[in-house]
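Spelled out, the chains give:
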Amino acid sequence: MKNCDECWDIETALLRGSDALIVIKTGAGGTVNGYMDKYKKLAEYIHHRTGYAVLTVDNPVGADKEENFEVTMTAAEFANDVTEAAGGGEVPVYYIGFSLGASLGAMYGWQYPYIRKMLLINPPLMINWHRQRNGLEQFDGEQAVVAIGSSDPSYQFAGLVDCIDNPCVEKTILYDTGHNLSVDMNAIIFGMLFSKQGDMP
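Note that this is a predicted model, so its numbers are computed, not measured.

(A) Looking closely at the packing of aromatic side chains. Here the structure, examined in full by the defined rule, presents nine aromatic pairs. Residues tyrosine 45 and phenylalanine 190 carry aromatic rings whose centres are separated by 5.9 Å and whose planes lie at 80° to one another, so their mutual orientation is edge-to-face. Of this pair, tyrosine 45 sits in helix α1 (residues 38–50) while phenylalanine 190 sits in helix α5 (residues 186–193), and the two are 145 residues apart along the sequence. Taking the relative accessible area as the measure of exposure, tyrosine 45 reaches 25% and is therefore partly exposed. What makes phenylalanine 190 buried here is its relative accessible area of 2%. Chaining the aromatic ring pairs together yields one cluster made of Tyr45, Tyr52, Tyr94, Phe190 and Phe194. The ring of phenylalanine 190 carries arginine 49 above its face, with NZ or CZ at 4.2 Å from the centroid.

This is how it looks when you write it as structure tokens:
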């Protein structure tokens, strides 16, 4: 752990719900609301459609990557404690990461076995690719979708995802889409997260 002189703050926003917990991790420097409230509106959209709990976690600039993800998952565990599961069982956790938030999920999500699914949107594949690949190859959840915009800088490296040796990892291309997704994409994001048959709430 860093000493207090090197500490950074993390901000969270929780919509209380039941049956599942959705964790939204923003891009680098992103706030819990996001530009033009895009993260807030995505959280509200998912919550309205499902009744699930939704936790949004910001992404402080300069934070150590692994510790950043560890703190995010600690916040998720607290949120999980106040989320009731159907039939009193375990609360499944679905992770949505944007840009750096997607890279963090790729690198470290496998260390948290309660993460059932990951949707990783526009991770910078040209940065720390070996760590992202190693993490995704160890992910043992149901599904990890790597979604890349056709106008995103990572699009030219999208073929790397096909080299990942893990059948639960899938690649999706978002055509006519750049790095920063708009609020109009909420329904598409929702559909990708619940893309498996029988998953749709």
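(B) Structural view of the side chain of threonine 83. If you trace the backbone, threonine 83 turns up in the loop between α2 (65–81) and β4 (93–98). Within the local environment of threonine 83, its side chain forms a polar contact with the backbone oxygen of alanine 79, the two atoms lying 2.8 Å apart. Dropping the residues within four chain positions of it, threonine 83 is found in contact with Gly17, Ser18, Asp19, Ala20, Ala53 and Val91.

(C) Layout of the nonpolar core. Grouped together as the largest cluster of nonpolar side chains are 36 residues, with contacts concentrated most on Leu21, Tyr95, Ile115 and Leu136. Residue contributions to this core peak at six residues, all from helix α3 (residues 100–108). Among residues more than four places away in sequence, those in contact with leucine 136 are Ala106, Met118, Leu120, Ala144, Val146, Ile164, Asn166 and Val169. Counting residues in hydrophobic clusters, the runner-up holds 24 residues, among them Ile24, Ile46, Met185 and Phe190.

(D) Summary view of the pairing of strand β3 (residues 53–57). In terms of burial, β3 is largely enclosed, as five of its five residues are buried. Alternating positions in β3 separate into two faces, Ala53, Leu55 and Val57 on one and Val54 and Thr56 on the other, with burial throughout. Sheet topology places strand β1 (residues 12–15) next to β3; four bridges connect them, and they run antiparallel. Its bridge partner being in β3, leucine 15 is matched across the sheet by valine 54. Where strand β2 (residues 21–25) lies against β3, five bridges are found, and the strand directions are parallel. In the strand pairing of β3, valine 23 is matched with leucine 55. In this fold, β2 hands off to α1, which returns the chain to β3; that crossover is right-handed.

Conventions we followed
- Residues numbered from 1 in each chain as written.
- Predicted model: local features only at pLDDT ≥ 70, side-chain atom pairs only at ≥ 80, totals over all residues.
- Heavy atoms only, no water.
- Phe/Tyr/Trp six-rings, centres within 6.5 Å; stacked < 30°, edge-to-face > 60°.
- Helix = DSSP H or I, 4+ residues; strand = E, 2+ residues; numbered from the N terminus.
- Buried < 20%, exposed > 50% of the residue type's maximum accessible area, 1.4 Å probe, protein only.
- Lys NZ or Arg CZ within 6 Å of the ring centre and 35° of its normal.
- Polar contact = N/O pair within 3.5 Å; in protein donor to acceptor, adjacent residues only side chain to side chain.
- Contact = heavy atoms within 4.5 Å.
- Core = buried A, V, L, I, M, F, W, Y, C linked by side-chain atoms within 4.5 Å.
- Pairing = 2+ DSSP bridges.
- Right-handed = clockwise from strand over helix to strand, strands pointing away.

Just geometry here; none of it tells us what the structure is for.
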